[in-house]
Amino acid sequence: MAAHLSYGRVNLNILREAARKELREFLDKCAGSKAIVWDEYLTGPFGLIAQYSLLKEHEVEKMFTLKRGRLPPADVKNIIFFVRPRLELMEIIAENVFSEDKMHSSRDFHILFVPRRSMLCEQRLKELGVLGSFINIDEYILDLIPYDGDLLSMEYESAFRECYLENDQTSLYHTAKGLMTLQALYGTIPQIYGKGECARHVANMMLRMKREFAGSQNQILPVFDTLLLLDRNVDLLTPLATQLTYEGLIDEIYSINNGYVKLPPEKFAQKKQGEASKDLPTESKKLQLNSAEELYAEIRDKNFNAVGSALSKKAKIISAAFEERHNAKTVGEIKQFVSQLPHMQAARISLPAIYIRWILTLTRYCIVQKDPLIKILRLVCMQSVCNNGLKQKVLDYYKREILQTYGYENILTLNNLEKAGLLKPQTSSRNNYPTIRKTLKLWMEDANEQNPNDISYVYSGYAPLSIRLTQVLARPGWRSIEEVLKMLPGPHFEERQQLPAGLHKKRQQGENRTTLVFFLGGVTYAEIAALRFLSQMEDSGTEYVIATTKLINGTTWVKSLMDKPDSQTS
């Protein structure tokens, strides 16, 4: 089921199996038949660790979503609540427990906090009068979840907001703990590099934890050579732009959640030529997206403009193989499929085109047209980031137009964007972005989308700053861009972790190094595609595994900074 996790340079199935083992051990603590009551947000991440078949093997007979009121009927001995440590969820759990007590139920209650047990939550349960009802109160440490053979995510949806708006370092602690778990399974990572305040905090916590557990380390030959920690605020521009890889666009348009995408039912209507479609499907189609599907793995990291030709070549191969049986229909069907792929004009924001002369006009036009607020905010923030802020007159104009058009409740959102550094007034005439852009070659006018030779293909001419920093670190090293690093927010640093005797890696001639790149605050699928491209380059010398607090796109990222996102995105 999870064979694709062991295809890569690092066998991430080891991490998944360790998580499954802990889950089985907890379930076995609760003897007898069980019903699980899920915090809805956890069902997606848990689905990547364990399918229902595993739960059923351990006497899980029913599963419910955590909701207010009475629990649905279930003839089971144990009720287990799987929840995040959130105070508001404790009140719902208390309601559920009280409703069972009124029915004079003889069930045993258990609670599993994910990813950490919370004293505050336990205190709240005590105040609500239900703490004594629980037989087991435990924690399930689900920090890093394997999504693919080279991809790990914590799916910590509020990490960026907590770090940059609320000054809450909880997500950084979870990150450090997750990296320590990784080192327990894959060996100590000898070199740690980082850029940004959050990166520095995580590295410090890791080093402190290593000192505290000195002497209890597993004697494992290191799998990773280097860890690179990158703050999202080092590169605020990249997530704001529309991703132009196939997988990135699927995420922009339909949203990929926990490795799955839901597609509209009308895309799957059976239609005969010249006839209107009958009996349209009514349910969305849910598809899993990972490297287990060969064709998807081949096209997902391509620029969208290169997907059509790739599918056409594949169609001809399939057609040749099945020509006699299928009468060469396959080519026509695939051509029709390509022609039906969603048009991109509504959301496409191409970075090399962001010039001051027309960006103000474009944004004004979008506001007049009452385009989705998220789109407006992405455009305005891009302009601000590229220009080290906006002139006060321009900033005031944007604020006034947004508040008058979309509602004055958005003043809180604008304030949040300012606090996060995405939207701000110009405080000096000096703008470092042109220097950063030229030194790191971020804008490439001759980007080859069909047969790329540079990472800039993922945004049709813009090379993500985060990935360029990763590329330069591998070769020739950050010392060559010392001045540029000083222009970017936060410190840059290097730490070395001492390896136990006899565990120093002897590299074979021509063997690639393995680097774990950890994005604190989120990473986009386009950035992931760019790192995969670097791994595949013949002269790269480095293969990359990607980890993050959250898989994001511009919409989900900006939404996480909005105070009332649900009513503002349409």
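A brief look at the structure comes next. (Residues numbered from 1 in each chain as written. Predicted model: local features only at pLDDT ≥ 70, side-chain atom pairs only at ≥ 80, totals over all residues. Heavy atoms only, no water.)

### Some words on the overall build of the chain
Secondary structure assignment for the chain yields 21 helices and 15 strands. Across the 570 residues that make up the chain, the buried fraction comes to 52%. A sequence separation of at least 24 residues applies to 78% of the contacts in the chain between residues at least 6 apart. Taken as a whole, the chain presents about 27600 Å² of accessible surface, with 50% of it coming from carbon and sulfur. (Helix = DSSP H or I, 4+ residues; strand = E, 2+ residues; numbered from the N terminus. Buried < 20%, exposed > 50% of the residue type's maximum accessible area, 1.4 Å probe, protein only. Contact = heavy atoms within 4.5 Å. Areas by Shrake-Rupley, 256 points an atom, 1.4 Å probe, with all protein chains shown as cover.)

### As for the packing of helix α14 (residues 373–386) against helix α15 (residues 392–406)
For the pair α14 and α15, the least separation of the axes is 12 Å and the interaxial angle reads 175 degrees. What the angle tells us is that α14 and α15 run roughly antiparallel. Two secondary-structure elements touch here, α14 through L373, I376, L377, V380 and Q383 and α15 through V394, Y398, I402 and Y406. (Axes fitted to C-alpha atoms, helices over the stretch in contact; angles between N-to-C directions. Parallel < 35°, antiparallel > 145°, perpendicular 65-115°, else oblique.)

### Focus: the packing of aromatic side chains
With the rule as written, the count across this model stands at 18 aromatic pairs. A centroid spacing of 5.5 Å and a plane angle of 75 degrees characterise the contact between F46 and F82, whose relative ring orientation is edge-to-face. Taken together, the positions of F46 in helix α2 (residues 40–47) and F82 in strand β3 (residues 78–83) put the pair 36 residues apart, joining distant regions of the chain. Under the relative-accessibility criterion, F46 is labelled buried at 3%. (Phe/Tyr/Trp six-rings, centres within 6.5 Å; stacked < 30°, edge-to-face > 60°.)

### Description of the pattern of salt bridges
Applying the stated rule across the entire model yields 35 salt bridges. A salt bridge links E155 to K550, with the shortest nitrogen-to-oxygen separation between them at 2.9 Å. On the criterion of sequence distance, the pair formed by E155 in the loop between β7 (151–153) and α6 (159–164) and K550 in the loop between β15 (542–548) and α21 (554–559) is long-range, its members being 395 residues apart. Both residues of the pair, E155 and K550, belong to the buried class. Notably, a salt bridge pairs E166 with R161, separated by 3.0 Å at the nearest N-O pair. Owing to a relative accessible area of 44%, E166 belongs among the partly exposed residues under this scheme. Here the salt bridges do not stand alone but share partners, grouping D148, D150, E247, R300, D301 and R532 into one network. (Salt bridge = Lys/Arg side-chain N within 4 Å of Asp/Glu carboxyl O.)

### Focus on the packing of helix α7 (residues 170–186) against helix α8 (residues 197–212)
Between two packed helices, the angle of one axis relative to the other and the distance separating the axes together describe the packing. Running from N to C, α7 and α8 point in directions that differ by 50 degrees, and their axes come no closer than 9 Å. Relative to α8, the element α7 is oriented oblique. Classified by chirality, the crossing of α8 by α7 is right-handed. For the pair α7 and α8, the contacting residues are L172, Y173, T175, A176, K177, L179, M180 and Q183 in the first and C198, H201, V202, M205, M206, M209 and K210 in the second. Taken together, the residues of the contact of α7 with α8 sort by class into 10 nonpolar, three polar and two charged. (Left-handed = near helix turned anticlockwise from the far one by under 90°. Nonpolar A, V, L, I, M, F, W, Y, C, P; charged D, E, K, R; others polar.)

### Let's talk about unusual backbone geometry
Outside of glycine, negative phi angles account for most residues, and trans bonds account for most peptide bonds. In this structure, P115 follows V114 across a cis peptide bond, with omega equal to 5 degrees. Relative to the elements of secondary structure, P115 occurs in the loop between β4 (108–113) and α5 (119–127). Positive phi values are uncommon outside glycine, yet K370 reaches one of about 55 degrees. Looking at the secondary structure, you find K370 in the loop between α13 (356–368) and α14. Judged by relative accessible area, K370 falls into the exposed class, the value being 61%. Of note in the backbone geometry, K441 takes a positive phi value of approximately 55 degrees without being a glycine. Within the fold, K441 resides in the loop between α17 (433–439) and α18 (465–474).

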